Amino acid sequence: MNIDISQIMTSEGMSLKFEHELEADKISFNGNDLVFDKNIIAYGTVENVGGGEFVLNASVDCSFKTVCARCLCEFNVDFPFEISERFVKNSADELVIPLEGNQINLTDVVFDNLYMNLPISFTCKESCKGLCQECGQNLNEGECKCEDNNIDPRLSALLKFKK
């Protein structure tokens, strides 16, 4: 999905509003699949700030299903985020995106920013107890019958302090 900025190319101070839906099925991130259950919506403005520079400010709403890093249950995540990017014609500056022609590739900008905003892992809730290391019981659904006798032999001397 491209944004055509030809209307504001020669008019410093002018801006262009946009709202686009981007299709996404599934992406992989950090070993997890993110399955989008609806289209990603991006809306905002592109402004000609002069000197061949354009600033894109956008809000993005997306929702996807993923797996909890603690209990391995699938859950839904609403993930809104903001984008602010600078585009410049004929620039070697690494902090801006080179602008070629009169189109901004919104799909690339949205997905690049999505990847930058995602956390390393997701948990279904802050208080998620995860799985038992012995039997695999989901501790959010109930306690397991396992005994907690797995003590690292290197730390067994610390048990003397407990008595």
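Residues numbered from 1 in each chain as written. Predicted model: local features only at pLDDT ≥ 70, side-chain atom pairs only at ≥ 80, totals over all residues. Heavy atoms only, no water.

(A) Here's a closer look at helix α1 (residues 106-117). A rise of 1.5 Å per residue sets the reference length of α1, with its 12 residues, at 16 Å; its end C-alpha atoms lie 16 Å apart and thus fit the reference within 8%. Burial in α1 covers these residues: Leu-106, Val-109, Val-110, Phe-111, Asn-113 and Leu-114. (Helix = DSSP H or I, 4+ residues; strand = E, 2+ residues; numbered from the N terminus. Expected span 1.5 Å × (residues − 1). Buried < 20%, exposed > 50% of the residue type's maximum accessible area, 1.4 Å probe, protein only.)

(B) Examining a negative patch on the surface more closely. A cluster of acidic residues, Glu-19, Glu-21, Glu-23 and Asp-25, forms a negative patch at the surface. Along the chain, Asp-25 falls in the loop between β2 (15-22) and β3 (26-29). (Patch = residues over 30% accessible without salt bridge, like charges linked within 9 Å, V, L, I, M, F, W, Y side chains within 5 Å. Areas by Shrake-Rupley, 256 points an atom, 1.4 Å probe, with all protein chains shown as cover. Salt bridge = Lys/Arg side-chain N within 4 Å of Asp/Glu carboxyl O. Lys, Arg positive; Asp, Glu negative; His and termini not counted. Charge placed at Lys NZ, Arg CZ, Asp CG, Glu CD.)

(C) View of the pattern of salt bridges. Applying the stated criterion across every chain, the model contains 2 salt bridges. For Asp-33, the salt bridge is made with Lys-26, and the minimal N-O distance between the two is 3.8 Å. In this structure, the salt-bridge partner of Arg-86 is Glu-53, at a minimum N-O distance of 2.8 Å. Here the residue Arg-86 occupies a position in strand β9 (residues 81-89), and Glu-53 occupies one in strand β6 (residues 53-61), the gap between them amounting to 33 residues. Here Arg-86 falls in the partly exposed class, since its relative accessible area comes to 32%.

(D) Layout of the sheet that holds β2. Ordered by their spatial adjacency, 5 strands build an open sheet running β2-β5-β6-β9-β10, and the pairing between neighbours is mixed. Bordering the open sheet on either side are β2 and β10 (97-99), each of which pairs with just one other strand. Taking each pair of neighbouring strands and ignoring which way they run, the sheet shows an average axis angle of 30°. Pairing between β2 and strand β5 (residues 40-50): 8 bridges, direction antiparallel. Bridge assignment links Leu-16 to a residue of β5, and that residue is Val-46. Along the sheet face, α1 touches β2, β5, β6 and β9 and points at about 130° away from the line of β9. (Pairing = 2+ DSSP bridges. Axes fitted to C-alpha atoms, helices over the stretch in contact; angles between N-to-C directions. Contact = heavy atoms within 4.5 Å.)

(E) Expanded view of the pairing of strand β7 (residues 63-67). Where strand β4 (residues 32-36) and β7 come together, 2 bridges link them in antiparallel fashion. Bridged to Phe-36 within β7 is Phe-64. With 5 bridges connecting them, β7 and strand β8 (residues 74-78) associate as antiparallel partners. From the neighbouring strand, Phe-64 faces β8, where its bridge partner is Val-77. Between β7 and β8, which pair antiparallel and follow one another directly, the connecting turn spans 6 residues, one of which, Leu-72, has a positive phi of 65°.

(F) Up close: the side chain of Glu-85. You can see Glu-85 is positioned in strand β9. For the buried Glu-85, no salt bridge exists, and the shortest N-O distance to an oppositely charged side chain is 8.3 Å, to Arg-86. A distance of 3.1 Å separates the side chain of Glu-85 from the side chain of Asn-113, its partner in a polar contact. Residues contacting Glu-85, with those up to four places away along its chain left out, are Phe-54, Val-55, Leu-56, Ile-97, Val-109, Asn-113 and Met-116. (Polar contact = N/O pair within 3.5 Å; in protein donor to acceptor, adjacent residues only side chain to side chain.)

(G) View of the packing of aromatic side chains. Using the criterion set out here, one finds 6 aromatic pairs in the structure. Measuring from centroid to centroid gives 6.0 Å for Phe-29 and Tyr-115, while their planes differ by 35°, and the two rings are tilted. Within this pair, whereas Phe-29 is found in strand β3, its partner Tyr-115 is found in helix α1, the two being separated by 86 residues in sequence. Given a relative accessible area of 17%, Phe-29 falls into the buried group. Each ring, one from Phe-64 and one from Phe-122, has its centre 5.6 Å from the other, and the planes form 75°; the classification is edge-to-face. With Phe-64 in strand β7 and Phe-122 in the loop between α1 and α2 (159-162), the pair connects residues that are 58 residues apart, well separated along the chain. With relative accessibility at 0%, the residue Phe-64 sits in the buried group. Accessibility expressed as a relative area gives 9% for Phe-122, which makes it buried. An aromatic cluster of three or more residues is present, and its members are Phe-36, Phe-64, Phe-79, Phe-81 and Phe-122. (Phe/Tyr/Trp six-rings, centres within 6.5 Å; stacked < 30°, edge-to-face > 60°.)

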